[in-house]
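# Results of the structural survey
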Amino acid sequence: MKKLAFIVILLLLLGLGLVGAQGDIDYEGIDPSGQTVVYWHQYSDDSSQANTMTALIEDFNSSNEYGITVEAHHQGHYGTIEDLMNTAILSGELPNLVAGYANAVAGWANEGVVVDINLLLNSPAWGIPAEEQSNLNFNLLNVNQLDFAPFYGMRVAWANQNSLNVFYTNLDIVEALGFERRVPETLAEFEEIACAAGASEDYQGYPLDTGTSHFESFVAAHGGAIFDSEAGEYIFESDEVAATMEMFTRMLENGCAYLFAERYQNTGDFSIGITPFAAGSSAGIPFITWDAAAAEMTDEWVVTAFPGAEDIGRTIQLFVPSQAILTAGPETEVATWLFVKYLAGSEAQLAWSGATGYFSIRNDIEVTEADFTEPRMPFARFIEVQAILQDDMVSVYSSPGLPSYSAVRGLVPNTLAEVVNGDVAVADALAELNAEANELHEELD
Amino acid sequence: MASAEFSPLGRQKAPTEGPSKPLDWRRLAIYAVLFAGVLIAVGPFLWMISASFMTLSEVNLTRLLPEKLLWENYATALRRANFLDIELVTDPSSGVLQSFGVSGYIWNSVRITLITVVGSLLVCIPAAYAFARMKFIGRNFIFALFLSTMMIPGIVMLIPHLLTVIWLGRLSESIFGPAGAWFNNWPALTIPFFASVFNIFLLRQFFLQIPDDLWEAARIDGAGHPRFLISVVLPLSKAPIMTIVTLGFIGSWNALMWPLLVTINDDWRPIAVGLSNFVTADTPGDLNLQMAASVITVMPILVLYFIAQKQFTEGIAQTGIKS
Amino acid sequence: MDRLIAANYMLNTRRGRIFIENLTAYIFLAPAGCLILLFGLFPVAFAFFVSLHRWRRFPDEYVGLANYEKALGNLGYILFFWLALIGCAATLMLSRRLLRRLRETKLDGQAAALLAGIVSGYAVLLAIDWFFKLIPVIMLIPRQVRGRNTSLALFMEKFGESFLSPGVYEAGSLLIVGLLAAIVIVSVVLRRLGAGVGGEVIVLSAIVTALLLASVFLLRLTIHETELAIAEARGAGESLPIWSQLVFISAGIALIAGAYVIFQRGIKALENRRFALLSLSGLSLAVGGYLLMAEAPAALTAGDDDLLQGFWVTIMYASGTVPVQLTIGLLLAYLLFQPIRFRAFFRMVYFIPYITPFVATSIVFRIIFDAGQYAPANRMLTLVGIEPQRWILERTTLGNLLGLPDFLAGPALALVVIMIYSTWTYIGYDAVIFLAGLGNIPGELYEAARIDGASGWRIFRHITLPLLSPTVFFLSLVAIIGTFQAFTQIWILRTGAVGNKVNTASVYIFDELQNSNRYGYASSMAFVLFALILLLTLFQNRIMGRRVFYG
């Protein structure tokens, strides 16, 4: 077909052009003066994140020596931002800095609109010097370092809002149910207590989230993962995933767990003291504290890593929403980077971490009680969560930073729902999910 | 014989029951059913209003009425959701108003709605008139083509529309400068909705009913189609025009998916998107605030509906007769 | 002077008047026409174009019918055969009409008019060809200029260049030649023959030409693609029975349609013939049904399960909401039509749900049908002694909840909630239109019936309902099209826990667009949905349209 040949040739030419263009980027000797940086974020108005970010931006705008202006826009939640980015990529009218998870950013990077931050980070003129870099926490930052094809070591984004998917336990309820007053050590213990709660008059079982992140946390707790980066494929048929599915099904069947509709209802139920456990982002702690106070719930509750399967130990899932620098010409890209670098500085990190309860990407700062201003979260909680992150015994999991992950995320809840409802057998459902996920992987990554 | 029992407007009037009235229980039943219908139709709204005054825990327990009216919910919702922001700058010494700025989603929606409605009238009235009262080559074919577009699922159009808007915007931007941009500006939010096939259909139905005598008389007076349209047809068409205005208002006030895609900041973002963002934000507003925000969103449309409802419901009714 | 004479000529001759009338009409139509072309018709053609490609945000390679195959399995090919055949049939019908016109008018210079039509039809195709060569080039511009300053000037420069790019340039030149030729010939012919008949002949023959060429193209494409697929399957050591499936499924559908026609004849015929015709109809139906049942699932096996599930959900959603909504609407309208007070008030109030935004009302419905035991819906259930339900979280089907066997499973409870929500929204609209329909029934008819001693129900059944049938027809058409396009109300009320049990086809397609950005595949599915809606509309027009009583 002529048309086919024509399009193929066109694409080839374009591909060559792209490769050529990418090699050329040279940030030395660039003048970022007077640039405007458009920043899309997801911090809802009036939240402590938004207020702190606004203050930091104002400080940067008035203090930077190049007269760079950062213009921030609240664009709803991550989903809205992803929709908007689709439009922006189609039209070419991109913002300069945008919030997103690694997998979403990887999708944009596939279209060639994302700047490799390594080039800026290691730039002699603009980067962060090596000795200074040793103060950065690369465990967090490297979530956005994509070491596989087609990215080959590209750092697609910069972590800025680090939290953990944590496990909440209400010790008073655990005790009232006749168990030892401590956090369950293993998944078996967890299930036993949840079942006891479900069977009791006063309490409900475990609020089971059908979301993908929650599912992955439990897969990690079984010692598994949903993607094998070495083999380069999704492994939904693995034993750990199957065990997780079976556990969920069993718990729902036996009344040890229940499903919920409203977002954050799980931590909401936890905060009014009707369920012994909940799982959720550590960013939700302020809300739990707040709601617990409002409901006059006085039970003692603690925040820990997830209990693991036999011989697995405790695990935790990192949530690392990040900021990606988008292509815009070297001047603007450098200007954007300077803002990111400013946010990575000790002062900004201290202010950010202290006001929002997110973990810093720096090793060399310590948030003290005086710095800690998040009004709804007690400082002790912050320390409690930070201890989890610093605990070497806890293994860390994070979702695959693949473009296809955005689509696969959408498939998991349905499979989960099918299985727990007993519509299909676990093995069949997972085999189908795995086939679909790997097909997406092949097509999109 | 029978006609004496009917009023001159008999066609619109229901048949009367006659003088006998032993069936009072029957009318009672009718009223009961109708009032039940009212309760079902507006119950959710009443509760929405009631809940908007409650504390959060009252909403969570789904109480029927709040213990105390919390008016501050509205103030908080207005502020948090960025619905309306009026800035008055007065000269500090004299107190004279210097500038007056309005912003926020409500203001955006008002502007978008006005442009859409006016544009839609300007585009649809002549088209409907041509279909109803003029003879030209391919009339039936074009009309059928127009009607067939109503069957296209919106989902087919989403991406093509986006690309069309992006590229038309580019062209107009290169002609008119930045103000001519379509994307993230009023044209993308309004122009695609100007030519509503439904509106054309509705107006055509009405124009068809205008007696031919009027046209003959006008033609003898030397009037052409344009003058006949403006001086005779339009004054007669208050009901369908009112219907279109109200439908246009509803449509653009409630629009969600499309504006979500073509706005990238709050300059022109309409209220439904604002409400949706408020409700689905990563840290969503509390339920009672969501209710207050919903009430604020719904109110303008209800007010307009109450004003226009007589013509509106009659105009809507026209669409169903004789297809 | 000359101009005045010309104007007088225009106004005073019949031809002149017709010309002016046509001109005014086109001027009146121009704005709406352009906009509908741009935002109604072009997108369809464009989406079709996209659906033939791998297209993820940006155009990628041409893949033929692969996307359709992915969505519907072999049925995708079969659908295209039908489409091509329908195109051919339409061409045939139009050419017959054209021939009849030609014979009727017996004008001089018919051949010239015909030629003008053919040339213009060809020019239209040239325009489409040029356009679709141009589009991918333009679409890729944002990709080319990214990384540099995305200034408007650069974009416009690239835009200008794209018209001169290889392929596009040739097609463009051809188009200009074609257009010029068409304009010249058409204007000459119109001058000779006048706008009336000459115009009609030109328009008809242009449509016939374009349609014919398009159908032939489609047919060739389908045959080519099918053969490719079969060859590929053979290469892999399998057989792909597309041809036999095409024959069997088409035969099945033809037999069922035939059964309907014979049935219509049969019930009107006399005793003996009647019996014969009815049994023939039954036989035809049985054989056709058997063929469909035997072949359709096989043709669909390679299709996308989620899409098929989406269609199934859509069908349940439509059949659950439309009849209920119409019945309640009619009931309310009928009650409102009785001599009662506050009619205007009731009418006004019933309409309110229709005009309020989904975003706002859905929040309330989420609370009413929450899974908690204090949720209003559950409280009501508890009052009458039924277990609280999980409503919007409930995947289990209504049938299973009621303990019915599996084949009566029906929609998931969560879908039922969405149906209730949707019904609540549209009842008022239906009631208002029904009320108007009732108002149009002449009162004398009721009076006459009453004098004949007919009871309330009989009056309703034999007078009101038949005379209301146009309204019922209109409303059900609008409602069915509406339910097949329904999106927002479902998108807003669905929860993760029910998975795809509430995803109608529209919602599934939107997910595909949003999550994996496979525009090509999503477009092909959207097209299948479009075809289904068109088919349903036609079907309803034929079946119900016959029963409508236009008084």
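Residues numbered from 1 in each chain as written. Chains lettered and ligands numbered in written order. Predicted model: local features only at pLDDT ≥ 70, side-chain atom pairs only at ≥ 80, totals over all residues.

## A word on the overall build of chain B
Scanning chain B from N- to C-terminus turns up 14 helices and two strands. The buried share of chain B, taken over its 323 residues, is 42%. (Helix = DSSP H or I, 4+ residues; strand = E, 2+ residues; numbered from the N terminus. Buried ≥ 20, exposed ≤ 12 C-beta atoms within 10 Å, placed from the backbone.)

## Here we look at the overall build of chain C
Check the secondary structure of chain C and you find 22 helices and two strands. C-alpha extents for chain C along the principal axes are approximately 85 × 70 × 60 Å. Here chain C holds 551 residues, and 42% of them are scored as buried. Put simply, 71% of the contacts in chain C that link residues at least 6 apart link residues at least 24 apart. (Contact = placed C-beta atoms within 7 Å.)

## Some words on the interface of chain A and chain C
Chain A puts 36 residues into the contact, and the matching count from chain C is 34 residues. Broken down by secondary-structure element, the contributors of at least two residues to the side of chain A that touches chain C are α1 (2-24), α3 (78-91), α17 (403-420) and α18 (426-444) of chain A. Residues of the side of chain A that touches chain C, tallied by class, amount to 18 nonpolar, 13 polar and five charged. (Nonpolar A, V, L, I, M, F, W, Y, C, P; charged D, E, K, R; others polar.)

## Observations regarding the interface of chain B and chain C
Taken together, the contacts link 86 residues of chain B with 93 residues of chain C. Mapped onto the side of chain B that touches chain C, the elements with two or more residues apiece are α1 (24-51), α4 (105-133), α6 (154-176), α8 (197-208), α11 (238-254), α13 (271-280) and α14 (287-320) of chain B.

## Digging into the pairing of strand β3 (residues 97-100) of chain A
All names here are of chain A. Residues Leu 97 and Ala 99 point to one face of β3 and Val 98 and Gly 100 to the other, with burial holding for every one of them. The pairing of strand β1 (residues 36-41) with β3 spans two bridges and is classified as parallel. Looking across to β3, one finds that Tyr 39 is bridged to Leu 97. Relative to strand β15 (residues 322-325), β3 is paired through four bridges, and the arrangement is antiparallel. Of the residues in β15, the one forming a bridge with Val 98 is Ala 324. (Pairing = 2+ DSSP bridges.)

## Comments concerning helix α14 (residues 330-344) of chain A
Residues and elements named next belong to chain A. For α14, spanning 15 residues, the distance from its first C-alpha to its last is 20 Å, which sits close to the expected 21 Å at 1.5 Å a residue. Of all 15 residues making up α14, twelve are buried, and the element is well covered by its neighbours. Every buried residue belonging to α14 is among Pro 330, Thr 332, Glu 333, Val 334, Ala 335, Thr 336, Trp 337, Leu 338, Phe 339, Val 340, Leu 343 and Ala 344, and all of these are buried. (Expected span 1.5 Å × (residues − 1).)

## Brief notes about the packing of helix α10 (residues 212-221) of chain A against helix α11 (residues 239-253) of chain A
All names here are of chain A. Relative to each other, α10 and α11 sit at 115°, their axes nearing to 9 Å. Crossing geometry of α10 relative to α11 is assigned as right-handed. Across the interface between the two elements, Phe 215, Phe 218 and Val 219 from α10 touch Glu 240, Val 241 and Thr 244 from α11. (Axes fitted to C-alpha atoms, helices over the stretch in contact; angles between N-to-C directions. Left-handed = near helix turned anticlockwise from the far one by under 90°.)

## Considering the nonpolar core
Residues A:Val156 and C:Ala414 are the most contacted members of the largest nonpolar core, which totals 332 residues. Top contributing element to this core by residue count: helix α17 (residues 413-439) of chain C, with 18 residues. Setting aside residues up to four positions removed in sequence, C:Ala414 forms contacts with C:Trp391, C:Ile392, C:Leu393, C:Glu394, C:Arg395, C:Val498, C:Lys501 and C:Val502. Judged by nonpolar contacts, the second largest core, of 18 residues, contains C:Ala113, C:Ala123, C:Ile202 and C:Val208. (Core = buried A, V, L, I, M, F, W, Y, C linked by C-beta atoms within 7 Å.)

## Some points on unusual backbone geometry
Despite not being glycine, A:Glu296 has its phi angle at roughly 55°, a positive value. When you line up the elements, A:Glu296 lands in the loop between α13 (285-294) and β13 (301-304). With a phi angle near 55°, C:Asn517 is a residue other than glycine that sits in the positive phi range. For C:Asn517, the position within the fold is in the loop between α21 (505-516) and α22 (519-547).

## Here's the deal with helix α11 (residues 271-300) of chain C
Residues and elements named next belong to chain C. With 30 residues, α11 ought to run about 44 Å at 1.5 Å a step, and its terminal C-alpha atoms sit 42 Å apart, in line with that. Looking at α11, one finds that the buried residues are Ser 281, Ser 284, Gly 288, Leu 291, Glu 295 and Ala 299. Residues of α11 that are buried in the fold lie against α4 (74-105) and α10 (242-268).

## As for the environment of C:Ala236
Residues and elements named next belong to chain C. Summarising the element assignment, Ala 236 is placed in the loop between α9 (195-235) and α10. With 9 C-beta atoms counted inside 10 Å, the residue Ala 236 sits in the exposed group. In this structure the C-alpha to C-alpha distance between Ala 236 and Ala 251, which are 15 residues apart in sequence, comes to 29 Å.

## Section: the packing of α4(C) against α10(C)
Residues and elements named next belong to chain C. Put simply, α4 and α10 touch, their axes get as near as 10 Å, and they point 60° apart. Our classification of the angle between α4 and α10 gives oblique. The two elements α4 and α10 cross, and the hand of that crossing is right-handed. Residues Asn 74, Tyr 77, Ile 78 and Phe 81 of α4 pack against Ile 242, Gln 245, Leu 246 and Ile 249 of α10. Here the contact of α4 with α10 is composed, by residue class, of six nonpolar, two polar and no charged. (Parallel < 35°, antiparallel > 145°, perpendicular 65-115°, else oblique.)

## Considerations on the sheet that holds strand β6 (residues 158-159) of chain A
By definition, the strands of a sheet pair up through backbone hydrogen bonds, in either a parallel or an antiparallel sense. Residue and element names in this part refer to chain A. Strand order in the open sheet formed by five strands is β2-β1-β3-β15-β6, and the pairing between neighbours is mixed. For this open sheet the edge positions go to β2 (69-74) and β6, each flanked by a neighbour on one side alone. When β6 meets β15, the two strands line up antiparallel, connected through two bridges. Bridge pairing in β15 links Ala 159 to Ser 322. Lying on the sheet, helix α4 (residues 102-110) is in contact with β3 and β15; it crosses β15 at an angle near 10°. Across the sheet, α14 touches β1, β2, β3, β6 and β15, and the angle it forms with β15 is around 160°.

## Brief notes about the domain arrangement of chain C
By the assigned domains, chain C splits into domain 1 (1-51), domain 2 (71-239), domain 3 (241-302) and domain 4 (304-547). Computed over C-alpha atoms, the centres of domain 2 of chain C and domain 4 of chain C are 40 Å apart. (Domains from an automatic or database assignment.)

## Focus on the environment of A:Gln49
All names here are of chain A. Position of Gln 49 relative to the elements: it lies in helix α2 (residues 48-63). In the structure, Gln 49 is positioned 112 residues away from Gln 161 in sequence and 9.5 Å away in space, judged by C-alpha atoms. Contact partners of Gln 49, with chain neighbours within four places excluded, come to Tyr 43 and Thr 356.

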